[in-house]
Amino acid sequence: MLLSVLALLLEPDSLGNSALRQTNVPWIDLVQNVCLAVFAADFVLHLALVERPRRYLFSFTGLIDASAVLFFFVPQRIS
């Protein structure tokens, strides 16, 4: 997670990037895509392995995990 935050801090236009739009700096895209894959895999594994997936999804930790994955897909442009 800290690697993802570091990539966002070093990105030239951090408010304009998302997983849907790539930057001009290739290593930042690589770091963000790897972090997205790790977060998504963790979230899917939690949902698959927990006894009550719906209860986990709407718990505090489930919402945090979902927001960590969904953050990459929401455009961050403030206009």
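See above for the structure.
These notes cover the structure that comes with them. Every chain begins its residue count from 1, and numbering advances along the sequence as written. The predicted nature of this model means local features are confined to residues of pLDDT at least 70 and side-chain atom pairs, given and counted, to a pLDDT of 80 or more, with totals for whole chains, interfaces and linings taken over all residues. As a rule here, side-chain values come from all non-hydrogen atoms in the structure, and water together with hydrogens is ignored.

**Here's the deal with the overall build of the chain**
The helix and strand labels rest on DSSP assignments: H or I over at least four residues marks a helix, E over at least two residues marks a strand, and numbering proceeds from the N terminus. Across its full length, the chain holds four helices and zero strands. Taken from the N to the C terminus, the helices and strands of the chain come in the order α-α-α-α. Per-residue accessibility, obtained with a 1.4 Å probe over protein chains only, is compared with the maximum for each type, and a residue is labelled buried under 20%, exposed over 50%, and partly exposed between these values. Here the chain, with 79 residues, has 28% of them falling under the buried criterion. Note on areas: Shrake-Rupley, 1.4 Å probe, and residue coverage restricted to the protein chains presented here. Approximately 5,700 Å² of the chain is accessible, and the part contributed by carbon and sulfur atoms is 72%.

**Quick look at the packing of helix 2 (residues 26-49) against helix 4 (residues 60-70)**
Look at helix 2 against helix 4: their axes get within 9 Å of each other, and the N-to-C directions meet at 145°. Pair helix 2 / helix 4 crosses with left-handed handedness. Every residue of helix 4 that contacts helix 2 at Leu36, Phe39, Ala40, Asp42, Phe43 and His46 is listed here: Gly62, Asp65, Ala66, Ala68 and Val69. Each residue is assigned to one of three groups, with Ala, Val, Leu, Ile, Met, Phe, Trp, Tyr, Cys and Pro labelled nonpolar, Asp, Glu, Lys and Arg labelled charged, and all others, Gly among them, labelled polar. The residue inventory of the contact of helix 2 with helix 4, partitioned by class, reads seven nonpolar, two polar and two charged. Note on definitions: angles span 0 to 180 degrees between N-to-C directions of axes, and those axes are lines fitted to C-alpha atoms, for helices only across the stretch in contact. We call a crossing left-handed when the near helix sits turned anticlockwise from the far one by less than a right angle, and right-handed when that turn is clockwise. The contact rule is simple, with two residues in contact once any of their heavy atoms fall within 4.5 Å.

**Some details on the environment of Gly62**
Its place among the elements puts Gly62 in helix 4. Judged by its relative accessible area of 0%, Gly62 is buried. On a C-alpha basis, the gap between Gly62 and Phe43 in space is 7.9 Å, while along the polypeptide they are 19 residues apart. If we ignore the near neighbours within four places in the chain, the residues touching Gly62 are Phe43, Tyr56 and Leu57.

**Section: the nonpolar core**
In plain words, nonpolar cores are sets of buried Ala, Val, Leu, Ile, Met, Phe, Trp, Tyr and Cys residues tied together by side-chain atoms within 4.5 Å. If you look at the biggest cluster of nonpolar residues, it comprises nine residues: Val31, Cys35, Leu36, Phe39, Phe43, Tyr56, Ala66, Val69 and Phe72. No other element matches the five residues that helix 2 contributes to this core.

**Digging into a nonpolar patch on the surface**
Residues enter patches when they are more than 30% accessible in relative terms and free of salt bridges; like-charged ones are connected within 9 Å and nonpolar ones (Val, Leu, Ile, Met, Phe, Trp, Tyr) within 5 Å. Any Lys or Arg side-chain nitrogen located within 4 Å of an Asp or Glu carboxyl oxygen qualifies as a salt bridge. A cluster of nonpolar side chains, Leu30, Val34 and Val38, forms an exposed patch at the surface whose accessible area comes to about 270 Å². Residue placement: Val34 occurs in helix 2. Exposure remark for Val34: the relative accessible area of 44% places this residue in the partly exposed category.

**Description of helix 2**
At 3.6 residues per turn, the α-helix brings residues three or four places apart onto the same side. To estimate how far a helix should extend, the number of its residues minus one is multiplied by 1.5 Å. Compared with an ideal rise of 1.5 Å per residue, which puts 24 residues at 34 Å, helix 2 spans 34 Å between its outermost C-alpha atoms and is within 8% of the ideal. Ile28, Asp29, Val31, Gln32, Cys35, Leu36, Phe39 and Phe43 are the residues of helix 2 that are buried.

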